[in-house]
Amino acid sequence: MTQAEFRDRLQEITDKYTKARLNEQVKEISDLRIEYYHNIELVQIADPNNGFNCFALCFGIARSEKTQHLAKYCDIIPNSKYANYLIEQVLQEIRPNDSQDGDYVVYMHDNMPTHVGYFLNGRIVSKWGSFGHTWKHDLWEVPSSYGNEARYFRQLQKENCEKTYLSWTEQKCQKRN
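Just so you know, these numbers come straight off a predicted model, no measurement behind them.

Re the sheet that holds strand 7 (residues 149-153)
One open sheet holds the 7 strands; their spatial order is 1-6-5-4-3-7-2, and the pairing between them is antiparallel. Both outer strands of the open sheet, strand 1 (41-44) and strand 2 (93-94), are each paired with one neighbouring strand and no more. Across 2 bridges, strand 2 lies against strand 7 in antiparallel orientation. Residue pairing across strands places Glu93 opposite Phe153, the latter belonging to strand 7. Lying over the sheet, helix 5 (residues 80-89) contacts strand 3 (104-109), strand 4 (112-120) and strand 7, oriented at roughly 70 degrees with respect to strand 4.

As structure tokens, this is what we get:
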């Protein structure tokens, strides 16, 4: 199995096991080692009652009451547009070899962010889907839909993450009204 086939297989597994069947995803990813050796490890089981995506996890806004309230009120969630805003306005790009624990790796497709993870002990931690599990993995051990380009950015301080997201969300809400 090639790396591209492996990533396609991860995509199939991620798409196949949705909210109700997520526990089966863990076993299937583990069993995939027989066909293609990988280092993917489960970090956190998904909470089916609390859906948040990779952007909310990595940018430190998944559990903030303020951001959850605003997101619900305005029906805006942190997504690829928010990640793109951060890349263009806020984040400091770094070289891959300069990355440290907490720094971000943003996966791209056609110059648009598709997924984000953060570094921990030389590997990446990321959440696969809004109601998906959180995994620790190597750079290209992710579903194929996340793209074939990765960019690296210095981590934001937690208080800056929430402040930036609240400001972005408020701008979006005002445009709607």
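Picking up after the structure, the text goes on.
Some words on the packing of helix 1 (residues 3-16) against helix 2 (residues 22-31)
When two helices pack together, their arrangement is given by the angle between the helix axes and the distance between those axes. Here helix 1 crosses helix 2 at 165 degrees, and the two axes come no closer than 9 Å. The angle between the axes of helix 1 and helix 2 places the two elements in the roughly antiparallel class. Regarding helix 1 and helix 2, the two cross each other, and that crossing is right-handed. Along the contact surface, helix 1 presents Arg9, Leu10, Ile13, Thr14 and Lys16, while helix 2 presents Gln25, Glu28 and Ile29. Residues that form the contact of helix 1 with helix 2 fall into these classes: 3 nonpolar, 2 polar and 3 charged.

Regarding the packing of aromatic side chains
All chains considered together, the criterion is met by 10 aromatic pairs. Aromatic side chains Phe59 and Tyr82 sit 6.0 Å apart centroid to centroid with 80 degrees between the ring planes, which places their arrangement in the edge-to-face category. Residue Phe59 is found in the loop between helix 3 (54-58) and helix 4 (65-74), and its partner Tyr82 is found in helix 5; the two are separated by 23 residues along the sequence. Since its relative accessible area comes to 1%, Phe59 is described here as buried. With centroids separated by 6.4 Å and ring planes inclined at 25 degrees, the aromatic side chains of Tyr82 and Tyr85 adopt a geometry described as stacked. Taken together, the residues Tyr82 and Tyr85, both in helix 5 and 3 residues apart, mark about one turn of the helix. Residue placement shows Lys127 over the ring face of Phe52; its charged tip is 4.8 Å from the ring centre.

Here we look at helix 1
Given a rise of 1.5 Å per residue, 14 residues ought to cover 20 Å, and the 20 Å separating the end C-alpha atoms of helix 1 matches this to within 8%. Along helix 1, the residues classified as buried are Phe6, Arg7, Leu10, Gln11, Ile13 and Thr14. With its buried residues spanning 165 degrees around the axis, helix 1 presents them on a single face. Tucked inside the fold, the buried residues of helix 1 contact helix 2.

Overview of the pattern of salt bridges
Taken as a whole and judged by the stated rule, the model has 9 salt bridges. A salt bridge links Glu28 to Lys16, with the nearest nitrogen and oxygen atoms 3.5 Å apart. A residue pair is termed long-range when its members are at least 10 positions apart, and Glu28 in helix 2 and Lys16 in helix 1 qualify at 12 residues. Taking relative accessible area as the criterion, Lys16 reaches 42% and is therefore assigned partly exposed. In this structure, Glu93 and Arg151 form a salt bridge, with 2.7 Å as the shortest nitrogen-oxygen distance. Here Glu93, found in strand 2, pairs with Arg151, found in strand 7; they are 58 residues apart in sequence, far enough to count as distant. Judged by its relative accessible area of 43%, Glu93 is partly exposed. Under the relative-accessibility criterion, Arg151 is labelled partly exposed at 22%.

Rules of the game
Residues numbered from 1 in each chain as written. Predicted model: local features only at pLDDT ≥ 70, side-chain atom pairs only at ≥ 80, totals over all residues. Heavy atoms only, no water. Pairing = 2+ DSSP bridges. Helix = DSSP H or I, 4+ residues; strand = E, 2+ residues; numbered from the N terminus. Contact = heavy atoms within 4.5 Å. Axes fitted to C-alpha atoms, helices over the stretch in contact; angles between N-to-C directions. Parallel < 35°, antiparallel > 145°, perpendicular 65-115°, else oblique. Left-handed = near helix turned anticlockwise from the far one by under 90°. Nonpolar A, V, L, I, M, F, W, Y, C, P; charged D, E, K, R; others polar. Phe/Tyr/Trp six-rings, centres within 6.5 Å; stacked < 30°, edge-to-face > 60°. Buried < 20%, exposed > 50% of the residue type's maximum accessible area, 1.4 Å probe, protein only. Lys NZ or Arg CZ within 6 Å of the ring centre and 35° of its normal. Expected span 1.5 Å × (residues − 1). Arc of directions from axis to C-beta. Salt bridge = Lys/Arg side-chain N within 4 Å of Asp/Glu carboxyl O.

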